[in-house]
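# Descriptive structure summary
Spelled out from the first residue to the last, the chains are:
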Amino acid sequence: MPTGRDLVLLEVMEAEHAAIGRLIGAVDGLPADPAADLARLGSLTDSLVIGVNGHLAHVEQTVLPLIQKTLTTTEWAAFEQADSEHGVRGASVP
């Protein structure tokens, strides 16, 4: 059963997803804007790379152990099956 700390972790992960989504939107939208400062594109791209790398490290350090603690092997397999069409690939929990 997830603890209060576990639920806070999930809220933090949602906030990281939202921040990454905003950066992706900014990177995607900038080249289409004729008045855009394209030098900003490099800065936004750097921020996106740093944000995604940090998020992935956070997932590996905290979320995967939470999954191992919370889900049974059968539940994880069911998640992988249900989520396979949505792009999450390569995750495995020993």
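One structure accompanies this document, and this report is about it. (Residues numbered from 1 in each chain as written. Predicted model: local features only at pLDDT ≥ 70, side-chain atom pairs only at ≥ 80, totals over all residues. Heavy atoms only, no water.)

### Looking at the overall build of the protein
In terms of helices and strands, the protein carries three helices and zero strands. Taking all 94 residues of the protein together, the buried fraction comes to 18%. Looking at the protein alone, contacts between residues at least 24 apart form 56% of all its contacts between residues at least 6 apart. Surface summary for the protein: the accessible area is close to 6,700 Å², and the carbon and sulfur share equals 62%. (Helix = DSSP H or I, 4+ residues; strand = E, 2+ residues; numbered from the N terminus. Buried < 20%, exposed > 50% of the residue type's maximum accessible area, 1.4 Å probe, protein only. Contact = heavy atoms within 4.5 Å. Areas by Shrake-Rupley, 256 points an atom, 1.4 Å probe, with all protein chains shown as cover.)

### Digging into helix α2 (residues 39-70)
Counted at 1.5 Å a residue, the expected span for α2 with its 32 residues is 46 Å, and the 45 Å between its end C-alpha atoms agrees. Maximum bend of α2: about 40°, positioned at Val59. Of the residues making up α2, those classed as buried are Leu44, Leu48, His55, His58, Val63, Leu66 and Ile67. For α2, the elements touching its buried residues are α1 (4-29) and α3 (73-83). (Expected span 1.5 Å × (residues − 1). Bend = angle between axes of the 7 residues up to and from the residue.)

### Remarks on the nonpolar core
Within the largest apolar cluster, seven residues are counted, these being Ile20, Leu23, Val27, Leu30, Ala36, Leu44 and Leu48. Of all the elements in the fold, those that place two or more residues in this core are α1 and α2. Among the elements that take part in this core, α1 stands out by supplying three residues, more than any other. If you look at the next biggest cluster of nonpolar residues, it comprises six residues, including Leu9, Met13, Ile67 and Trp76. (Core = buried A, V, L, I, M, F, W, Y, C linked by side-chain atoms within 4.5 Å.)

### Examining α1
Compared with the 38 Å implied by 1.5 Å per residue over 26 residues, the 38 Å span of α1 between its first and last C-alpha is a close match. Every buried residue belonging to α1 is among Asp6, Leu9, Met13, Ile20, Leu23 and Val27, and all of these are buried. For α1, the elements touching its buried residues are α2.

### A short note on the side chain of His58
If you trace the backbone, His58 turns up in helix α2. You can call His58 buried: its relative accessible area is 18%. Setting aside residues up to four positions removed in sequence, His58 forms contacts with Leu9, Val12, Met13, Glu16 and Val63.

### Observations concerning the pattern of salt bridges
Side chains bearing opposite charge may pair, as long as their charged atoms lie close to each other. Inspection of every chain in the model, using the stated rule, returns one salt bridge. A salt bridge links Asp6 to Lys69, with the nearest nitrogen and oxygen atoms 3.1 Å apart. With Asp6 in helix α1 and Lys69 in helix α2, this residue pair connects regions lying 63 residues apart in the sequence. (Salt bridge = Lys/Arg side-chain N within 4 Å of Asp/Glu carboxyl O.)

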